[in-house]
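Below are the chains, spelled out letter by letter.
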Amino acid sequence: MAVLPLPALHASHSGCWRRDGSATRTISKGEAVTVAADTPQLILNAPLLATRLGYPDLAGLDLLELYAFIHPARFVVPTPKGLAHALGLTEPTGDPDVPRLLQEAAGALLEMCESDQWPEREGAWTALQSLIKMRWPWSTLLSARVRRPERAERWLFTRLPEWEESPEPAQPRQIVLEDEAVLARLAQLTGSSAEQRPGQRAYAAEAAHAFAPRERSGRPHVLLAQAGTGIGKTLGYLAPTSLWTEQSGGTVWVSTYTKALQRQLRQESRRAWPERRADGTRPVVVRKGRENYLCLLNLEDALQGGYQGRAAILAQLVARWAAYSRDGDMIGGDLPGWLGTLFRQRGIASLTDQRGECVYAGCPHYRKCFIERATRASIGADLVIGNHALVMVNAARGRDPASRPTRIVFDEGHHVFDAADSTFAAALTGAEAIELRRWVIGPEKNARGRRRGLAARLADIASYDEVGGKAITDARAAAEALPGDGWMQRLAENAASGPLEELLSAVRATVYARDESGGQDAGYALETEAAGLEGAFVEVSQAARMALVELRQPLIRLGMRLEALLEEPPDWLDGPGRARLEGARHSLTWRIDTLAAWESLLNRLGGAADPEFVDWRAVDRAEARVYDIGIHRRWLDPMKPFAKVVLEPAHGVMLTSATLRDGENWDKAVAKSGAGQIDVAPRLSAHQSPFDYAAQAEVLIVTDVSKGDIPALAGAYGRLIEASQGGALGLFTAIRRLRAVHGRIADRLARGGLPLYAQHVDPIDTGTLVDIFRDDPAASLLGTDALRDGVDVPGHSLRLVVMEQVPWPRPSILHRARRLANGGSAYDDSLIRAKLAQAFGRLIRSREDHGHFVVLSPAFPSRLLSAFPQGTPIRRISLEEALHRVAGHASGAPAVPAEDTRPLI
């Protein structure tokens, strides 16, 4: 295999190495920065390398960019080890071996371009011609190896397949699933050689009850099923799901909270359904929100000059991926998660439909649209894999009522409350208001891109229908009252323009006046209650409300005109035009509902509080920087709208999780299901984990690391990771402490061969961080809430979980209101126990797993210990003793020595 004889540079927390020719030598950070600035080096993951070197302007021949060009839509862990495995090369034994690997990998990738066996050849030559003009660093090396095709290559937008219309599906047959048939299907899915799990069989039989025929309108079957880790709940509910869809001809939605579980479900579903049916349709479809998918119109704009510089290179690589993508999913799909971080994550986001500005059938790529294809495929699918927010939004305002979910399995059911809390919230903020302004009026004068306002999107309506045209004109004039570009700077200068900006200015002034945080926790919002309002504030809020009324009224009139045109279409309105108007009417309904929610929120200010809601004013901050200002409203109990919108129209709903109930108590789980809001008594089912926690795990509560002592905290983390020889997941409740700990221990650990990665430090998306962690048993990972749930790392790669302290709820205004309404401290305790249980669930994922769960909290309340599985040894010990026990396990000893008979706490 050819080795590309170019200089290669590698840096980690333990040092820097450069290979020039055939010799590798250790160099200083200063020399590494100098050579990188002078001559393009072969590198891997430029943003991460730049962070290691402290040189943000680092550029070079990044092998990840080359890999994305040559093998689009193919998975690779973006590390030297991961690249070696993907290309079939010898894994480097240490950091000094990495530069040579980079040369070998570059040679292997460039060799592939000259091979007749290159499966992703089509389109490469054409894309390369554009990249040469953009002076992409790899283009010179590739131009000599990517041969020109004999015939001109098809343009991406002609290569993509078109979706086809399908007839409306018939209503599903009403059937009753017999236990014997369900268990037979389960045995078929697990395989004849699989271990028989009584818990899984009982769970599958219980899950079947959610598919029974509904007896009364508005009274679905609701099943709450707690299934301990290791039960095998995915196949447990897929068994009755696949049997019901086969016999009834209906569709089941399985909803998750995390993208990781969506990927797992897609894999597991292949046991029950083929990739395609005989007619070519897909029986299993993954559905996500529109903002997850590539918008072909946005991509076309980017390819034709809408992007400049590095962003233009990103667009070309995304176009390469789009030709080979399974479904066009850019967020959690087969687009490498690291691709956006190589350029700028905002570039990825701007290629999706995040603004609700889709023109539907007015788009020249409508028949090839990834979003429309997924939407239509889900109508006739057996299984639709979605997420909690999408299911709720689809139930609330889906474009096609006939395709709204009626049989739903909410996996990760403990997150349904949180998802409903966000879905049914209202927020009148500067960012939301300016987005609405742009949707109505269009982009500001100096804005780039293809954004268009209502008048441009519905120009034919404005010219054909006088009433509709006037409604558009009136809406455009009324939208001038909304915040415009530079609104936050004007607020800072006390120069608000218009009634909405004056409202936001008043919010900002009041929040700062009433703030008692003392400047602490700059990563959190500053909040104050929407109570005790002075007369001037109420007057400003009512002026803002009237401005919103003046905008909503013409939008309502426009919606009525669109409806009239659809009922009695003019001669020129063809099928695509009709679809465009239906899409516009759907978007209008969403915007009108948003305006009505804002008006209701403002109408309450100065009057009696509504006991159903919690209102507050906030200045939102991140990294000590203000990014938004506004007024927020949440349901005190978001399961009320959830029950009305999702449960009541459904026929069967199952909520399942390993942490549904609090100990043995079902009360909170039942309340958080929403079933009581529609007078339904849910069926309750609990199945214990088959794991032997007494032998496989141990909880260690360290009593001699003082709270708030950052050096001691960092020292404890460093020593625990060393004792475990990596494989540690560190969970933090504050980003500030995470960064402080990482900064103190990363270099030391790396010098010992124990790489440490961290959220909010390393420029890598969370999904990729978990992939790196899973791939390297010596690696450790620090993170926050996103890593406490949905992370599945079975085996030796995860053998130690460390929590810095008890995960107390943040005392926000919303939390305080719910705490008062739900039993005070008992409510807090139930939330904490749930978080502890979820975190502990990361540790033991199979019968072969062993490990320790460590909490660095000297005053850990005993009442929270019931969060851990029954039988798990729990000990309050010193750090030194904890290190001894963790090191013993790392050296091969069991987590709990057989001779250890000391009583547990």
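Keep in mind the model is a prediction, meaning the values are calculated, not measured. (Residues numbered from 1 in each chain as written. Predicted model: local features only at pLDDT ≥ 70, side-chain atom pairs only at ≥ 80, totals over all residues. Heavy atoms only, no water.)

**Observations concerning the overall build of the protein**
Item 1. Regarding its fold elements, the protein presents 36 helices and 23 strands.
Item 2. Taken against the 2.2 N^0.38 rule, which gives 29 Å for 905 residues, the C-alpha radius of gyration of the protein at 29 Å falls within 12% of a compact globule.
Item 3. Burial analysis of the protein (905 residues in total) assigns 53% to the buried set.
Item 4. Within the protein, counting contacts between residues at least 6 apart in sequence, those at least 24 apart form 76% of the total.
Item 5. With an accessible surface of roughly 37,900 Å², the protein has 50% of that area assigned to carbon and sulfur atoms. (Helix = DSSP H or I, 4+ residues; strand = E, 2+ residues; numbered from the N terminus. Rg over C-alpha atoms; globule rule 2.2 N^0.38 Å. Buried < 20%, exposed > 50% of the residue type's maximum accessible area, 1.4 Å probe, protein only. Contact = heavy atoms within 4.5 Å. Areas by Shrake-Rupley, 256 points an atom, 1.4 Å probe, with all protein chains shown as cover.)

**Focus on the environment of D279**
Item 1. Mapped onto the elements of the fold, D279 is located in the loop between helix 12 (259-269) and strand 8 (284-286).
Item 2. Since its relative accessible area comes to 58%, D279 is described here as exposed.
Item 3. A polar side-chain atom of D279 sits 2.6 Å from a polar atom in the side chain of T281. (Polar contact = N/O pair within 3.5 Å; in protein donor to acceptor, adjacent residues only side chain to side chain.)

**Let's talk about the sheet that holds strand 6 (residues 221-227)**
Item 1. If you walk across this open sheet you meet the 7 strands as 8-9-7-10-15-6-16, and the pairing is parallel. Sheet topology places strand 8 and strand 16 (683-687) at the edges, where each strand pairs with a single neighbour. Averaged over all adjacent pairs, the angle separating strand axes in this sheet is 15 degrees, with direction ignored.
Item 2. As paired elements, strand 7 (residues 252-256) and strand 9 (residues 383-387) share 5 bridges and run parallel to each other. Bridging from a neighbouring strand, S255 pairs with G386 of strand 9.
Item 3. Docked against the sheet, helix 10 (residues 198-207) engages strand 6, strand 15 (652-657) and strand 16, running at close to 165 degrees with respect to strand 16. (Pairing = 2+ DSSP bridges. Axes fitted to C-alpha atoms, helices over the stretch in contact; angles between N-to-C directions.)

**Remarks on the confidence of the model for the protein**
Item 1. With 95% of its residues at a pLDDT of at least 70, the protein reaches an overall mean of 90.
Item 2. Here helix 22 (residues 459-464) is the element of the protein with the lowest mean pLDDT, 75, and helix 3 (residues 63-70) is the one with the highest, 97.
Item 3. Predicted confidence is poor over residues 893-905, with pLDDT under 50, and the contacts of this stretch with residues over four places away or in other chains come to 28 contacts. (pLDDT = per-residue confidence, 0-100.)

**Notes on the pattern of salt bridges**
Item 1. What the rule picks out here adds up to 49 salt bridges.
Item 2. A salt bridge links E527 to R810; its shortest N-O distance comes to 3.7 Å. Taken together, the positions of E527 in strand 12 (residues 526-529) and R810 in the loop between strand 21 (800-803) and helix 34 (813-821) put the pair 283 residues apart, joining distant regions of the chain.
Item 3. The class of E527 is partly exposed, set by a relative accessible area of 22%.
Item 4. Here R833 ties to D662 by a salt bridge, and the two come within 2.7 Å at their closest N and O atoms. With R833 in helix 35 (residues 825-840) and D662 in the loop between strand 15 and helix 29 (667-671), the pair connects residues that are 171 residues apart, well separated along the chain. (Salt bridge = Lys/Arg side-chain N within 4 Å of Asp/Glu carboxyl O.)

**Describing the nonpolar core**
Item 1. In terms of nonpolar packing, the biggest core is built from 66 residues, with L63, F69, W138, L142, L294, V318 and L339 touching the most fellow members.
Item 2. Ignoring sequence-local partners within four residues, the contact set of L294 consists of L299, V318, W321, A322, G328, M330, L351 and F370.
Item 3. Core analysis: the next-biggest nonpolar cluster, separate from the first, contains 51 residues, W439, A478, W598 and L605 among them. (Core = buried A, V, L, I, M, F, W, Y, C linked by side-chain atoms within 4.5 Å.)

**Quick notes on the packing of helix 6 (residues 124-133) against helix 14 (residues 310-322)**
Item 1. Where helix 6 contacts helix 14, the axes come no closer than 10 Å and their chain directions differ by 175 degrees. It follows that helix 6 is roughly antiparallel to helix 14 by the angle criterion. In this structure, helix 6 contributes A124, A127, S130 and L131 to the contact, and helix 14 contributes I313, Q316 and R320.
Item 2. Across the contact of helix 6 with helix 14, the residue classes break down as 4 nonpolar, 2 polar and 1 charged. (Parallel < 35°, antiparallel > 145°, perpendicular 65-115°, else oblique. Nonpolar A, V, L, I, M, F, W, Y, C, P; charged D, E, K, R; others polar.)

**Description of the side chain of H742**
Item 1. As for its placement among the helices and strands, H742 is situated in helix 32 (residues 735-751).
Item 2. Given the relative accessible area of 5%, H742 is considered buried.
Item 3. Other than its neighbours up to four places away in sequence, H742 contacts H13, L756, A758, V761 and L782.

**Details of unusual backbone geometry**
Item 1. In this structure, N494 is a non-glycine residue whose phi angle is positive, near 55 degrees.
Item 2. You can see N494 is positioned in the loop between helix 24 (487-492) and helix 25 (499-514).
Item 3. Look at N494 and you get exposed, because its relative accessible area is 67%.
Item 4. Although it is not a glycine, H760 sits at a positive phi angle of roughly 65 degrees.
Item 5. One can find H760 in the loop between strand 19 (756-758) and helix 33 (766-775).
Item 6. Overall, the relative accessible area of 35% leaves H760 in the partly exposed class.

**Considering helix 10**
Item 1. Of all the positions in helix 10, only Q200, Y203, A204, A205 and A207 are classed as buried.
Item 2. Those residues of helix 10 that are buried lie in contact with helix 9 (179-190), strand 6, helix 11 (233-248), strand 15 and strand 16.

**Side note on the sheet that holds strand 12**
Item 1. Taken together, 4 strands build an open sheet; the order of strands is 11-14-13-12 and the sheet is antiparallel. With one partner strand each, in any of the chains shown, strand 11 (426-429) and strand 12 form the two edges of the open sheet. Looking at each pair of strands side by side, their axes are set apart by 25 degrees on average, direction ignored.
Item 2. One ladder, built from 10 bridges, connects strand 13 (residues 613-622) with strand 14 (residues 625-635); its direction is antiparallel. Looking at strand 14, one finds that D615 is bridged to R633.

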